[in-house]
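Spelled out, the chains give:
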Amino acid sequence: MRYEDICVKAIHQLKDDRQLNFAEYSAKLLGNVLRENGIAQQADIITSVPMHRSKRRKRGYDQAQKLAHFTAMELGIKENYRLLGRTRDTAEQHTLTAAQRKTHAEDIYYSLAKHADIKGKNVLLFDDVYTTGATLNVCSRLLKEMGAKKVFCAAIATTLLDEKHKE
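No experiment lies behind these values; they were computed from the predicted model shown. Here the residue index of a chain counts from 1 through its sequence in written order. Only residues with pLDDT of at least 70 get local features here, since the model is predicted, and only at 80 or more are side-chain atom pairs given and counted; chain-wide, interface and lining totals rely on the full set of residues. The side-chain numbers reported here are obtained from all heavy atoms of the structure, hydrogens and water having been left aside.

**Thoughts on the confidence of the model for the protein**
In step 1: For the protein, the average pLDDT comes to 83, and 84% of its residues sit at 70 or higher.
In step 2: Below pLDDT 50 for its whole length, residues 161–167 participates in 14 contacts with residues either more than four positions away or in separate chains. Each residue carries a pLDDT score, the predictor's own confidence in it, on a scale running from 0 to 100. Residue contacts are defined here by distance: any two heavy atoms, one from each residue, within 4.5 Å place the two residues in contact.

**Some details on the pattern of salt bridges**
In step 1: A pair is scored as a salt bridge if a Lys or Arg side-chain nitrogen falls within 4 Å of a carboxyl oxygen belonging to Asp or Glu. Scanning all chains against the criterion turns up four salt bridges.
In step 2: The partner of Glu74 in a salt bridge is Lys28, and the shortest N-O contact between them spans 3.6 Å. Note that Glu74 is positioned in helix 5 (residues 63–75) and Lys28 in helix 2 (residues 21–36), a separation of 46 residues in sequence.
In step 3: In this structure, a network of salt bridges that share partners links the residues Lys28, Arg35 and Glu74. What counts as a helix is a DSSP run of H or I of at least four residues, what counts as a strand is a run of E of at least two, and both are numbered from the N terminus.

**Quick look at the environment of Thr71**
In step 1: Turning to its location among the elements, Thr71 is positioned in helix 5.
In step 2: Once the C-alpha coordinates of Thr71 and Gly31 are considered, the two residues, 40 residues apart in sequence, prove to be 6.0 Å apart.
In step 3: Ignoring sequence-local partners within four residues, the contact set of Thr71 consists of Ala27, Leu34, Ile46 and Phe126.

**Digging into the pairing of strand 6 (residues 150–158)**
In step 1: For two strands to be treated as a pair, DSSP must find at least two bridges joining them. With eight bridges joining them, strand 5 (residues 122–130) and strand 6 adopt parallel strand pairing. Paired with Tyr130 across the bridge in strand 6 is Thr158.

**Quick notes on a positive patch on the surface**
In step 1: Within this analysis, patches are made of residues with over 30% relative accessible area and no salt bridge. Like charges are joined at 9 Å or less; nonpolar side chains (Val, Leu, Ile, Met, Phe, Trp, Tyr) at 5 Å or less. Here the accessible surface of atoms and residues is derived via Shrake-Rupley with a 1.4 Å probe, and residues count as covered only by protein chains that are part of the display. Asp and Glu are treated as the negative residues and Lys and Arg as the positive ones, with His and the ends of the chain left uncounted. The location of each charge is read from NZ of Lys, CZ of Arg, CG of Asp or CD of Glu. Residues Arg53, Arg56, Arg57 and Arg82 make up a contiguous surface patch of positive charge.
In step 2: Residue position: Arg56 is located in helix 4 (residues 53–59).
In step 3: Three exposure classes are used, based on accessible area relative to the maximum for each residue type with a 1.4 Å probe and protein chains only: buried under 20%, partly exposed in between, and exposed over 50%. Taking the relative accessible area as the measure of exposure, Arg56 reaches 32% and is therefore partly exposed.

**Examining the layout of surface pockets**
Any empty space left between the atoms is revealed when a probe the size of a water molecule rolls over them.
In step 1: The space that makes up the second largest pocket amounts to roughly 290 Å³.
In step 2: Buriedness of a pocket was judged along seven lines, with at least five required to meet protein on both sides within 12 Å; pockets are open sets of points on a 1 Å grid over the protein atoms alone, cavities are sets where a 1.4 Å probe fits but cannot get out, and lining residues have an atom within 4 Å of a point. The wall of the second largest pocket is formed by 17 residues, among which Pro50, Met51, Arg56, Arg82 and Leu84 lie closest to the centre.
In step 3: When residues of the lining of the second largest pocket are traced back to their parent elements, those giving at least two are strand 1 (45–48), helix 4 and strand 3 (84–86).
In step 4: Per-class residue counts for the lining of the second largest pocket are seven nonpolar, five polar and five charged. Grid points are joined across faces, edges and corners, and a volume is the space filled by probe spheres set on the points. Residue type decides the class: Asp, Glu, Lys and Arg count as charged, Ala, Val, Leu, Ile, Met, Phe, Trp, Tyr, Cys and Pro as nonpolar, and the leftover types, Gly among them, as polar.

So, in structure tokens, the structure goes:
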């Protein structure tokens, strides 16, 4: 979906008001797209971009993980959310320029030392909103360094870059 109008409102409700209906609905839509594109048939494991534990405690859940979970249920694919970690709770990505997002993502995401063996596996990685790709690129690289054969990325919404976010 395009990150505008009603979609923005629904994502904010998902993040701030614990409205999981949008994640469940989106998982059905994404499941159909992933099946149609042949990605669902290739994915061995589903995971998500990690939220820092302090923010997860405050919100009660991680919205990207919820989206991944509902999609995993829709597609019947194994889930593993112990592959990636986040070093600290920092500024939200949407407040940064494209260049800052890349540096920020490089600084805060890491692979977990005791991760499950994903060597040769295809991983489906979820986030809630795709803007510049910085977060998904860094997390994809980490998963490949851990041995993933392929990493496919999915998000509920995408946005065109406005002047504020261009490099």
